Every structure is written in C-alpha cells, then in structure tokens.
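Coordinates in review
In case you want the letters, here they are:
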Number of protein chains: 2
Amino acid sequence: MSQNSIKAWAAASAGDELKPFEYDPGPLAPEQVEIEVTHCGLCHSDLSMLDNEWGVSQYPLVPGHEAVGRVVALGDAAQDKGLSIGQAVGVGWLSGSCMHCNSCLSGDHNLCADNEVTIAGRYGGFADRLRAHWAWAIPLPESLDMASAGPLFCGGVTVFNPIVELDIKPTDRVGVVGIGGLGHLALQFLNAWGCDVTAFTSSEAKREEAMSLGAHHVVTSTDKASLKAVRESLDFILVTANASLDWRQFINALGPKGKLHFVGAVLEPIPVSVFDLLGKQRSVSASPVGSPARLRQMLDFCARHGIEAQVEPFPMSQVNRAVAHLKSGKARYRVVLENT
Amino acid sequence: MSQNSIKAWAAASAGDELKPFEYDPGPLAPEQVEIEVTHCGLCHSDLSMLDNEWGVSQYPLVPGHEAVGRVVALGDAAQDKGLSIGQAVGVGWLSGSCMHCNSCLSGDHNLCADNEVTIAGRYGGFADRLRAHWAWAIPLPESLDMASAGPLFCGGVTVFNPIVELDIKPTDRVGVVGIGGLGHLALQFLNAWGCDVTAFTSSEAKREEAMSLGAHHVVTSTDKASLKAVRESLDFILVTANASLDWRQFINALGPKGKLHFVGAVLEPIPVSVFDLLGKQRSVSASPVGSPARLRQMLDFCARHGIEAQVEPFPMSQVNRAVAHLKSGKARYRVVLENT
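Before going into details, it helps to say that this report is about the structure given with it. (Residues numbered from 1 in each chain as written. Chains lettered and ligands numbered in written order. Predicted model: local features only at pLDDT ≥ 70, side-chain atom pairs only at ≥ 80, totals over all residues. Heavy atoms only, no water.)

With respect to the relation of the copies chain A and chain B
Comparison of the two chain copies shows a relationship of rotation about an axis with a shift along it. The two copies are related by a screw operation: chain A maps onto chain B through 180° of rotation and 0.0 Å of translation along the axis, at an RMSD of 0.0 Å. The two molecules are tied by a two-fold rotation axis, judged by turn and shift. Taking C-alpha positions as reference, the residue of chain A nearest the rotation axis is proline 271 of chain A, located at 2.3 Å. Both copies present the same face, since 100% of the interface residues in chain A are matched by interface residues at the equivalent positions in chain B. (Least-squares fit on C-alpha atoms with pLDDT ≥ 70 in both. Contact = heavy atoms within 4.5 Å.)

Have a look at this one:
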C-alpha cells in the first residue's frame, strides 16, 4: 500500500464482523475534497447495508455515512467552492450527485437518479479519511460540536427535510413515530419549529425522554385505544420507525389535509385505503435525506436553536462493539465512532 | 300531499328501479334556498348509492347530485347572500356544511365532518325541486349552458379541485387515468391549465376522443410495456377510475416529487411500497369534491376557456333507461336528465 492509502473498517461479506481494511483511493478527482475523519455516526442503514438487506451491498463494505472531519485536500475543480484546507465539514448518505440533471439543477440534488451513496459502490466513513464531491462536503457552523454533529448529516437532515418540503407550519399539530436516532432529532426540530408535538413510541421507558426532547404529548404506538384518542387530530405524522405498525390507525389520526410521511425504510407495503384518504384530503408520502442547501439550512437551524444529537461515543477501534450496542436497541440515541 | 310537495324519482330499496315518489319537504329552513331543477347529471356515485355499495344509503333513495335550476325561494337567513329569485344555480354532491368548524371557516367546507350529502339522509335532484344551504347553491355564469352545466358540480369540481389544491403548474407533465364522466373534464381542465397531458385508458376506442378533449398523448392503462415507457416522467397522475389497476406501475410513472391522486372511490386498498415513494419523494393522496369558493372558481375557469361536459340528455321520465345506459359503459360522457 502507498502512503496515500486509507485505513478503514470493512466487512468481507454479509453479516461479517468489521475488520481493519486498507485501500488506495487513487488520485483525488477534480471535483472532490478529501476529509480527515474525526467522528462518524452509526446509523441503522449501516446495519441494513452490512447485512445486504436491500440487495445492493458490495463487499468489502466500509460503512459510515455520518462523517465529520477537516478538509485535507481539494481537487483542482474544488478550489473555489467556498471550502478551505482545515475547515470542519460533514458528509452524509450522499457523497455526490451528477450536478446537471433537472433535480440537481433544481436544488433537489438528493433526488438525483445518478447520485453517489457514500457506502454503496465505494468506501464509507469508518476510516481515517473520506472523499466527497465538494457540493456534498457541508461546512459545519463553528458553534456545533464536531463530536456530536455527525448524526445530523444523515439522521438529522432526513427528518428536517420533510418539515420544509411538506411546508409544515408552526401552528401545526404533529407526530413523530419512533423515538430513536432519527426521532429524537425530529422531536427537537419540531419543537423549535413551534409545533404541538406528539411522540409515538412502543417503549414506555422513552416517555420521559421524549418529553425532555421536545414532545408535548406521548402516545403508545402499539395501543389501539391511545391511537383512537388522537383520531383526526394531527396535521403531520413523521414515521421514523421501520417496524410494521397499524398504519390505518395512523392515517386516521390525521385531520383534514393531514400528511403521513415515511423516512424509515418500511419494507412491507402499506395498505392504503383510498376512502381513508379521500374524505379528509389526506396523503401518504416519503422522502430521502436532503439536498446540500437543505443540509446547510438545517445546520444553521441547529446552531440557532441549540439542537444536537444525543450521542454515545465509541473509539473507532471498538466498531464491532458499537454495532452490537445499536443492534441491541439500547443506543440513546446515536452511536458515534471517534478516530483518536 | 300538500301543494308544496316535491315530485321526485326514488328507489324503494337497494337495486330497485326508480319510481315516481312525492314528498313534503316541510317549511324552508332559514339558511336554505329552494331550486326548481331544470337538469340533473347522473354520476357513478348515484349508482353506488342506489346499490348501497358504501353501506350508507337510506331508502327511499332519490338520487341526483349534479342539479342545475333556478332559485324559487330563499329562506329568511338566505336573503342577503348574493342569490336572487330566478337566478340560475347548481348544487353538487354537498348541499350543506356546518359553516362553523375549522374546515368551513378555513374555506375547506368540502372537508367539513358534518357536511350534508345531497343524496344521503335526504332527497336528491332527480326531482322537480331541490333544497340546499345558500352557500352550496352556486351561481352559474351566464355564458354556461344550463343543459350541460350539471356535471361540473360534482364530476367537474372533483377533478378541478386537486389541480388547485396540489398546486399543479402549467409546466407540469400530468396524466389522467380513466376517461369517463370525470376524466373527460379533467383532460379539458389540464389542457387549459397549460400542462402536457397524457390520457390513460383501457379502451382503444377512446383514443381519438381523448386527444380531441385535450390529451397530448394516450397510453393504454392495462398494458405493462406502455406504462413502462412513461416511467418516471409525470409530475401528477389523477385517477378518476375506480377499477383496480397495477398501481405500482402508476407510482413508478411519477418523476421526482410526483403525486398520484385519487378521486375515484377505489374500494380495494392500494399496496404502497415506501421504497417506491422514498427515492423520488413521491406521494399518494385523495380528495373529495370541492368547496363553494372552488366551485365558483371552476365555473369561472370553464366560462373563460369554453370547457363543458359532453352530455347525453334523457327526459327525467326515462331515468331508468338513463341508469341502464350509464351502467352499460356506453355513456359519452355524462348522462343528464331534463325536466320538461
């Protein structure tokens, strides 16, 4: 291996433990920047990719797509894009997009059909260095802590983006289903947005925590009577869980023009009754992460409102223990790996 | 029966033929207006209600909820609401709403939970006279023909309303599924809206007609290859059919932020894959008819653009023949009953 090589953690095949893995990234592409990774969040999608749940994984697989670090190199065509050597930046689920399709040119780079997924067909952020297209290396505001900022770049923007895209208003009554890595950020965002916030959780243990994170009400997501009590009362329900719940009850918890929005990868089809949507003009929708401009907007909002992920740090060398901790369901709320 | 009695056509129970039926409407309520019906459209929902398909029918059932006629009486509290004796008005699926709930006060009277359905729990427009709350007796612009205007009040507003509500733009590429009573109006609206319009129909015979109604392209809705050819190309698909189609193919015909919107009463649940929605930020939604303000807006738009329903007139006395004609699938495109 050359001196240029990147030291990472990789799984050799589906379900394997992560092991040290070194690779030569080759010359830096003109539009890319290289980042020395200081911290990288561990997201449920890393587990799905490690286990090839979605059938798109390539091995060796280096997970990690909530990376924060400092710029150490700028490609020839990335010199004048507002980034500088030493600057703190973050990279999320996407590390590139084509920049010339209608979606990219409309500012919806996250919907680009040719986007580059940080951990698919390339190596991710569980490493000492990571590369990304300059547009996807997002400057971190100074007031945000690098140690806890990583999860904002995937989990954070995934829940922040639909609040903007679906035009949620401070006068709205909203719900968040699933209080984990994504949900605990969604509660903070929606509280700061000015909304009346209901947390839906299957875990009684999370009741108090949900309130401290910004929920005004907590409803047990698996209890028919509790769900019935909020019937027709919400304008927006953000589903961060990827469990199979009684979706009809959640649709019926929506008032007029209410929106049920998924950001979790629920694998089983949702049986949607047109009648349930029709009378109240309801909708069911879903969205993926967010664009570079949305990421910047979110970071600015976090800085202004003191919103941050609650993280549990693990040294990068203990990545397998970190994975086991997330799998156990005990993470509160986001595991972050640290390079030392 | 008193001189005040209304002469109508009613079914005595589910599936029965319509027979002459006379009833005493009692004193006119303060907020109501009474209309002498000249014309009344026959809508698929009339058939559904006659057959108690939705389990909410009450008998004797007088169908008819696309009524046009002239105001013959104004209640005490309806004197100063912009209506006058002799004025041409229309009444659609709704003949009243509570006027004081959040939906009504927000201008979304069509989403009122206590709205009054013209043909449920009261008697409809297959009659010589019909009553409605003043807000739901919508003035007909002079340039619109009373003989063909009836279908606008249910079929028309049902397809016009989502174009406004879902913020469809003249730059959008849109589709209309099902070219019947609703669809043939939707094609005209969307063409006048400035959109690129694709008609989806299972009937080859309707191809030419769809083009003459405003479609720029026609796709066979039951042909997999044809549907695949429009993959990811549309911004909005309006489903007016109530058949069960391969909905996944229609979802996948949507481009980024595309919207699949139902206005037909599709009875079987739509199996919605979150993955199909997520990557492109798509949505599935539905809506019922439209508010009084939307009805007025639609009529104004029709008058400006020369949009009208293509109707087949039947004398009111031949209502059973008209019902049989609609059931046969041969109506092009809306049957209208005339009082003589």
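Re the interface of chain A and chain B
The interface of chain A with chain B comprises 34 residues on the first partner and 34 residues on the second. Where chain A abuts chain B, roughly 2,700 Å² becomes buried across the two surfaces, and 64% of that area is made up of carbon and sulfur atoms. Linking chain A with chain B are four salt bridges. The salt bridge partner of glutamate 165 of chain B is lysine 257 of chain A, with a shortest N-O separation of 2.9 Å. For the pair chain A and chain B, the interface holds 11 residue pairs in polar contact (both at pLDDT 80 or more). Contributing elements (two or more residues each) for the side of chain A that touches chain B: helix H4 (155–165), strand E14 (254–262), strand E15 (270–272), helix H9 (274–278) and strand E16 (283–286) of chain A. Across the side of chain A that touches chain B, the residue classes tally to 20 nonpolar, nine polar and five charged. (Buried area = accessible area lost by both parts, 1.4 Å probe. Salt bridge = Lys/Arg side-chain N within 4 Å of Asp/Glu carboxyl O. Polar contact = N/O pair within 3.5 Å; in protein donor to acceptor, adjacent residues only side chain to side chain. Helix = DSSP H or I, 4+ residues; strand = E, 2+ residues; numbered from the N terminus. Nonpolar A, V, L, I, M, F, W, Y, C, P; charged D, E, K, R; others polar.)

Describing the packing of aromatic side chains
Residue and element names in this part refer to chain A. Counted under the stated rule, the structure contains 26 aromatic pairs over all chains. Arranged with centres 4.4 Å apart and planes meeting at 55°, the rings of tyrosine 23 and tyrosine 123 form a pair that is tilted. With a gap of 100 residues between them, tyrosine 23 in strand E2 (residues 18–23) and tyrosine 123 in the loop between strand E7 (116–117) and strand E8 (129–133) connect regions that are remote in the sequence. For the pair phenylalanine 160 and tryptophan 193, a centre-to-centre distance of 5.8 Å together with 80° between the ring planes defines the contact as edge-to-face. Taken as a pair, phenylalanine 160 in helix H4 and tryptophan 193 in the loop between helix H5 (183–192) and strand E11 (196–201) lie far apart in primary sequence, 33 residues in all. Just as phenylalanine 160 is buried, tryptophan 193 falls in that class too. (Phe/Tyr/Trp six-rings, centres within 6.5 Å; stacked < 30°, edge-to-face > 60°. Buried < 20%, exposed > 50% of the residue type's maximum accessible area, 1.4 Å probe, protein only.)

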